[in-house]
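Notes for the structure review
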Amino acid sequence: MSARMSISPSEPRVGVWLIGARGSVATTVVAGCAAVTAGLHPPTGLVTETPMFADSGLPALSSLVFGGHDTVDCPLPKRAEALAAGGVLPPGLTTAVRSELAAADREIRPGGPLPGDTRDDDELITAFASDIRDFIRRCALARAVVVNVASTEPTPTDTALPPSSLYAAAALRAGCPYVNFTPSTGLDHPALAALRSSTGLPFAGRDGKTGQTLLRSVLGPMFTGRALTVRAWSGTNLLGGGDGASLADPAAAAAKNAGKDRVLADTLATPPEGEVHIDDVPALGDWKTAWDHIAFDGFLGTRMILQTIWQGCDSSLAAPLILDLARLTARSHEAGLSGPLAELGFYFKDPVGEGPAALGEQYAALRGFAERLTAREGHTCPAQDTGSDRDRP
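Residues numbered from 1 in each chain as written. Predicted model: local features only at pLDDT ≥ 70, side-chain atom pairs only at ≥ 80, totals over all residues. Heavy atoms only, no water.

1. Here we look at the packing of helix α5 (residues 121-138) against helix α6 (residues 163-173)
Selection rule: Whenever a helix is involved, its axis is fitted only over the stretch in contact; in every case the axis is a line through C-alpha atoms, and angles between N-to-C directions fall within 0 to 180 degrees. Elements are defined by DSSP. Helices are runs of H or I of four residues or more, strands are runs of E of two residues or more, and each kind is numbered from the N terminus. Any angle that falls under 35 degrees is termed roughly parallel, while one over 145 is termed roughly antiparallel, one within 65 to 115 roughly perpendicular, and all others oblique. Two helices cross in a left-handed way if the nearer one is turned anticlockwise from the farther one by less than a right angle. They cross in a right-handed way if the turn is clockwise. Two residues form a contact once any of their heavy atoms are found within 4.5 Å. Classes in brief: Ala, Val, Leu, Ile, Met, Phe, Trp, Tyr, Cys and Pro nonpolar; Asp, Glu, Lys and Arg charged; the others, Gly included, polar.
α6 packs onto α5 with a crossing angle of 50° between their chain directions and a minimal axis gap of 8 Å. In terms of their interaxial angle, α5 and α6 are classed as oblique. Remark: the crossing between α5 and α6 carries right-handed chirality. Mapping the contact onto sequence places Asp121, Asp122, Leu124, Ile125, Thr126, Phe128, Ala129, Ile132 and Arg133 in α5 and Leu166, Tyr167, Ala169, Ala170, Ala171 and Arg173 in α6. Residue composition of the contact of α5 with α6, grouped by class: 10 nonpolar, 1 polar and 4 charged.

In structure tokens, the structure reads:
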């Protein structure tokens, strides 16, 4: 059995350029898109495949073309085999979509900066932007979206641009909308403020909401709505794989936890005591366990406890969200929208722009966004212009 992904000659091709393109999440995105397009699996977890977006003019899954940057050289088919051995991808899928994985792997370019790289920030941004432009031209794409799915980096402590910001600047310089699915700095660096505002490109982020914080964005408003006083909210994350290794760095873990804390601060009347601990457990691989212990007061001060346990596969939770975000951001670009896409806060721990923190309200905003895109169906911008440099950071 093999996947067949056919694209109508009249259907514009849309690029998805993944930063961290050979990681577990990116591999699951490519394999999953191929599997759903070929009818091998249903589109479970894809909100953009629900009736809400039926008339919004989103690019079809079959029109998506994948490429990206990475600093490792493990081919995508081999990476997919490892994920299948770990139970992340279903049996037989790697064989079925091998050609699609190989095609995406041919579009991956070396990232950076690597040890010993003497290029300055502008030279790196120029090189990365050139890679993205070449991808658009070579694959005859109408447009492309850059999505950061690389490992979490520490919050910068000086004015130097971290790698996530170099890639974000390259995306805008190449004329591409940008999505930051990580808690890394990306477009939020002060040095990129002028570039961010001058390009008129849409962007979204940051830090995808896939597990523990997804529950917090539901439970926090529940306590507030029922006028229950939360005294303490503590949590623990156990995870392995590349994410676990990167979050073993306390500075990276602090960047990750900032979004988790923000949800509680924004949905509860008073921020509670407690914090989240992140433990690297390599044996877990791509699987994670998130535990929350919530102490709250009820009527007459009666003290009570709620405990939750979330066990999931990080890549499988993230992949459909990334496909959603790529399609929504590409459609926003086509429709002429610009700046922060606050209506996509449904997908993020620490969303850009002004918007609600409670999941129910975020879903309502997303529904409104679907209606907005539907109303703009037929209003499109020209195909991407990649012939000249954008304002430099």
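Let us keep going from here.
2. A few points about the environment of Thr44
The cut-off we apply is this: To sort residues, take the accessible area from a 1.4 Å probe on protein chains only and compare it with the maximum for the residue type: under 20% means buried, over 50% means exposed, and anything in between is partly exposed.
In this structure, Thr44 sits in the loop between α1 (24-37) and β2 (64-70). Judged by relative accessible area, which is 66%, Thr44 ranks as exposed. In this structure, the C-alpha to C-alpha distance between Thr44 and Pro12, residues 32 residues apart in sequence, is 25 Å.

3. Some words on unusual backbone geometry
Each neighbour pair has its own omega, and for Gly112 with Pro113 the value is 0°, a cis peptide bond. By the element assignment, Pro113 lies in the loop between β3 (108-110) and α5. In this structure, Arg206 follows Gly205 across a cis peptide bond, with omega equal to 0°. Relative to the helices and strands, Arg206 is located in the loop between β6 (202-205) and α8 (212-225). At Leu300, a position not held by glycine, the phi torsion is positive, near 65°. Tracing the backbone shows Leu300 in the loop between β9 (287-297) and β10 (303-313).

4. Quick word on the side chain of Ser63
Here Ser63 shows up in the loop between α1 and β2. Taking relative accessible area as the criterion, Ser63 reaches 1% and is therefore assigned buried.

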